[in-house]
Structures are given as C-alpha cells and as structure tokens.
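Residue-level structural notes
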Amino acid sequence: MKHHLLKKHSCVTCVKIEAYSPPPSAEQKLSCDRCQFETTDRSELVDHLLQHSGQLSCHLCNKSFSQKYYLKTHMRVHTGEKPFACSLCDFRCTFRYSLDYHMTSQHTKL
C-alpha cells in the first residue's frame, strides 16, 4: 500500500504547518513561534498566526484581527456605517448585538 507523503504548507507568517498529517493528540500542542499561544487545533493556530501577519489589521488604527469578518465589522467604527435599524423606531447601530440590546431594553414590556 502506498503511503501518503506529508506535504508542508507555509502560512502567511512563514511558520511551517503539516497540512496533511493527522490531528495532534491531546498531548501534542501546536505553538506560535512569536508568542506563547498553544493549541491542539491546527485551524485555530492558523487563525492566530494571521493576527501576527499584519494582513488582517486595520489600516487606520493598526488593530489586528483573526478573521476577515471581524476586520470588516471593525471598519464600521471608522466609517460610521450603521447597517442595523430598529423596525419600531429611528434607532440605527453599527453592530447586530447593539440592536438586540436596544430591542430588549427599549421595546420589551415588563
């Protein structure tokens, strides 16, 4: 039987990760070479490494994010975009959780 060769994959921060190896056991930890972060989840490490890469950082305030979605929603702080609107009043907000809070605090009868 042919054995599958382990292929190496280089993430954006040039840290080598074994892309096709079995997941690490509970005792095997994957660690960041730039800080003390450790995990047994390969995808969690890749998300963490993106924070160090600078590729997912705000060009206005240099805040770093682990996922594109978080950077996208953060940009609303700078643009003033308020895509969430209350259906019962004129309230608008930047984040969904703010609308949820508004609805429960302002429009829920006791």
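Residues numbered from 1 in each chain as written. Predicted model: local features only at pLDDT ≥ 70, side-chain atom pairs only at ≥ 80, totals over all residues. Heavy atoms only, no water.

Cut-off, in case you're wondering: UniProt positions are given in the numbering used here, feature names are shortened, and annotations may be inferred rather than shown by experiment.
Looking at an unreviewed UniProt entry, one finds the chain named Zinc finger protein 425-like protein, with Argiope bruennichi as its source organism. Per UniProt, the chain carries the Subcellular location (unreviewed entry) text "Nucleus".

1. A closer look at the overall build of the chain
Definition in use: Numbering of helices and strands runs from the N terminus, with a helix taken as a DSSP run of H or I at least four residues long and a strand as a DSSP run of E at least two residues long. Relative accessible area decides the class of each residue, using a 1.4 Å probe on protein chains only: under 20% of the type maximum gives buried, over 50% gives exposed, and in between gives partly exposed. Here a residue-residue contact requires only that any non-hydrogen atoms of the pair lie within 4.5 Å. Method for areas: the Shrake-Rupley scheme with a 1.4 Å probe, in which residue coverage is limited to the protein chains shown.
Check the secondary structure of the chain and you find three helices and six strands. Starting at the N terminus and ending at the C terminus, the chain contains elements arranged as β-β-β-β-α-α-β-β-α. Within the chain, the fraction of its 110 residues that count as buried is 25%. Taking as baseline every contact in the chain between residues at least 6 positions apart, the subset at least 24 positions apart corresponds to 10%. For the chain, the accessible surface area stands at approximately 8,600 Å², while carbon and sulfur atoms represent 52% of it.

2. A closer look at the UniProt feature "domain: C2H2-type" (unreviewed entry) in the chain
Under the UniProt annotation, "domain: C2H2-type" (unreviewed entry) lies at residues 56–83. Helix makes up 43% of residues 56–83 and strand 0%, with an end-to-end C-alpha separation of 22 Å.

3. What to know about the side chain of histidine 74
As for its position among the elements, histidine 74 is in helix α2 (residues 68–79). The buried category is assigned to histidine 74, whose relative accessible area is 11%. Sequence-distant contacts of histidine 74, defined by excluding residues within four places in its chain, comprise Cys58, Cys61, Lys63 and Phe65.

4. Looking at α2
Since one α-helical turn is 3.6 residues long, residues separated by three or four positions face the same way. What counts here: An expected span of 1.5 Å times one less than the residue number is assigned to each helix.
Relative to the 16 Å expected for twelve residues at 1.5 Å per residue, α2 spans 17 Å between its end C-alpha atoms, a close match to the ideal helical length. Within the sequence span of α2, burial applies to Leu71, Thr73, His74, Met75 and Arg76. Where α2 terminates, the next one or two residues include glycine 80, which has phi positive at roughly 80°.

5. Quick look at the pattern of salt bridges
As a reminder of what qualifies: When a carboxyl oxygen of Asp or Glu lies within 4 Å of a side-chain nitrogen of Lys or Arg, that pair is called a salt bridge.
Enumeration according to the criterion identifies one salt bridge in this entry. With a closest N to O distance of 3.1 Å, aspartate 100 and arginine 96 form a salt bridge. Pair noted here: aspartate 100 and arginine 96 are both in helix α3 (residues 96–106), with a separation of four residues, about one helical turn. With a relative accessible area of 49%, arginine 96 lands in the partly exposed category.

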